Amino acid sequence: MSDPLEALRDIHLPDAISWWPLAWGYWVVMLLLLATGWFMWRRYRQYAVHRAAMKTLRELDRRYQSHGDSHRLAREINVLLKRTLLTLQPRTQVAKLAGDAWLDRLQSTGSGFSFSDAMREVLARDIYRQTAQLDACELVNECRRWIRALPRVKG
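Remember, predicted model here, so these are calculated numbers, not experimental data.

Trainee: Provide a residue-level description of the packing of helix 2 (residues 48-67) against helix 3 (residues 70-88), including the pertinent values.
Mentor: The interhelical angle for the contact between helix 2 and helix 3, taken along N-to-C directions, is 170°, at an axis separation of 10 Å. Viewed along their axes, helix 2 and helix 3 adopt a mutual orientation that is roughly antiparallel. Only Ser70, Arg72, Leu73, Glu76, Ile77, Leu80, Thr84, Thr87 and Leu88 of helix 3 make contact with helix 2, whose side of the interface consists of Val49, Ala53, Thr56, Leu57, Leu60, Arg63, Tyr64 and His67.

Structure below.
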């Protein structure tokens, strides 16, 4: 008698599953990843002015720690504020401003932000006087708050 198992054929494995076409779930995941990447890239670009201004402010504060001249710091911060505002608004509206008009423009730019009376006096007048007393730490903190209150760049 013959062995009945010899009449059986070998097991045939099915063809390997193809990776293409992708299932709809993969397409959804890829679409979500692309949308998230695009959103993060736009957000990164919108806050580029903020990051640059904060970096410059940190550098000014670091330099102040070495030279200790608060009037120089106040003048440099005033220049930083002007440069930052020039990136956000038309040059014809910002470049000519000085004194109270300058401070009013600064305050109207930051959403819900207002300089203290002491800082208004420093930025409007005391940066031109050698005899005035300036609180450098408060000036840096007010500038930092103003930068954080800036609107993001459109586009």
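Trainee: Please give an account of the nonpolar core that cites residues and values.
Mentor: Residues Leu57, Ile77, Leu81, Trp102, Leu106, Phe115 and Trp146 are the most contacted members of the largest nonpolar core, which totals 32 residues. Going through the elements one at a time, helix 2, helix 3, helix 5 (99-109), helix 6 (117-124) and helix 7 (136-149) are the ones with two or more residues in this core. If we ignore the near neighbours within four places in the chain, the residues touching Phe115 are Leu81, Leu106, Gln107, Arg120, Leu123, Glu142 and Trp146.

Trainee: Tell me about the packing of aromatic side chains, and name the residues and values.
Mentor: Under the defined criterion, the tally for this structure stands at three aromatic pairs. Look at Trp20 and Trp27: their rings are 6.0 Å apart centre to centre, the planes differ by 75°, and that puts the pair in the edge-to-face class. Classification of Trp27 as partly exposed rests on a relative accessible area of 44%. Consider the rings of Phe113 and Phe115, whose centres lie 4.7 Å apart with planes at 90°: the pair is edge-to-face. In this pair, the class of Phe113 matches that of Phe115, namely buried. Directly above the ring of Tyr44 sits Arg51, whose terminal nitrogen or CZ lies 3.8 Å from the centroid. When the ring centre of Trp102 is taken as reference, the NZ or CZ atom of Lys82 above it lies at 4.4 Å.

Trainee: Which residues make up the environment of Leu81, and what values do they have?
Mentor: As for its placement among the helices and strands, Leu81 is situated in helix 3. Given the relative accessible area of 1%, Leu81 is considered buried. Sequence separation of Leu81 and Leu57 is 24 residues, and the distance between their C-alpha atoms is 9.6 Å. Contact partners of Leu81, with chain neighbours within four places excluded, come to Trp102, Leu106, Phe115, Leu123, Cys143 and Trp146.

Trainee: Tell me about the state of the cysteines, residues and numbers included.
Mentor: Using the criterion set out here, one finds zero disulfides in the structure. Among the cysteines around Cys137, which has no disulfide bond, Cys143 carries the closest sulfur, lying 13 Å off. With a relative accessible area of 1%, Cys143 lands in the buried category.

Trainee: Explain the confidence of the model for the protein to me, using residue names and the numbers behind them.
Mentor: Averaged over every residue, the pLDDT of the protein is 89; the share at 70 or more is 98%. No element of the protein has a lower mean pLDDT than helix 6, at 85, and none a higher one than helix 1 (residues 24-46), at 96.

Trainee: Mind laying out unusual backbone geometry, listing which residues take part and the relevant values?
Mentor: With an omega of 0°, the peptide bond between Trp20 and Pro21 qualifies as cis. Position of Pro21 among the secondary structure elements: in the segment before helix 1.

Parameters and conventions
- Residues numbered from 1 in each chain as written.
- Predicted model: local features only at pLDDT ≥ 70, side-chain atom pairs only at ≥ 80, totals over all residues.
- Heavy atoms only, no water.
- Axes fitted to C-alpha atoms, helices over the stretch in contact; angles between N-to-C directions.
- Helix = DSSP H or I, 4+ residues; strand = E, 2+ residues; numbered from the N terminus.
- Parallel < 35°, antiparallel > 145°, perpendicular 65-115°, else oblique.
- Contact = heavy atoms within 4.5 Å.
- Core = buried A, V, L, I, M, F, W, Y, C linked by side-chain atoms within 4.5 Å.
- Buried < 20%, exposed > 50% of the residue type's maximum accessible area, 1.4 Å probe, protein only.
- Phe/Tyr/Trp six-rings, centres within 6.5 Å; stacked < 30°, edge-to-face > 60°.
- Lys NZ or Arg CZ within 6 Å of the ring centre and 35° of its normal.
- Disulfide = S-S within 2.5 Å.
- pLDDT = per-residue confidence, 0-100.

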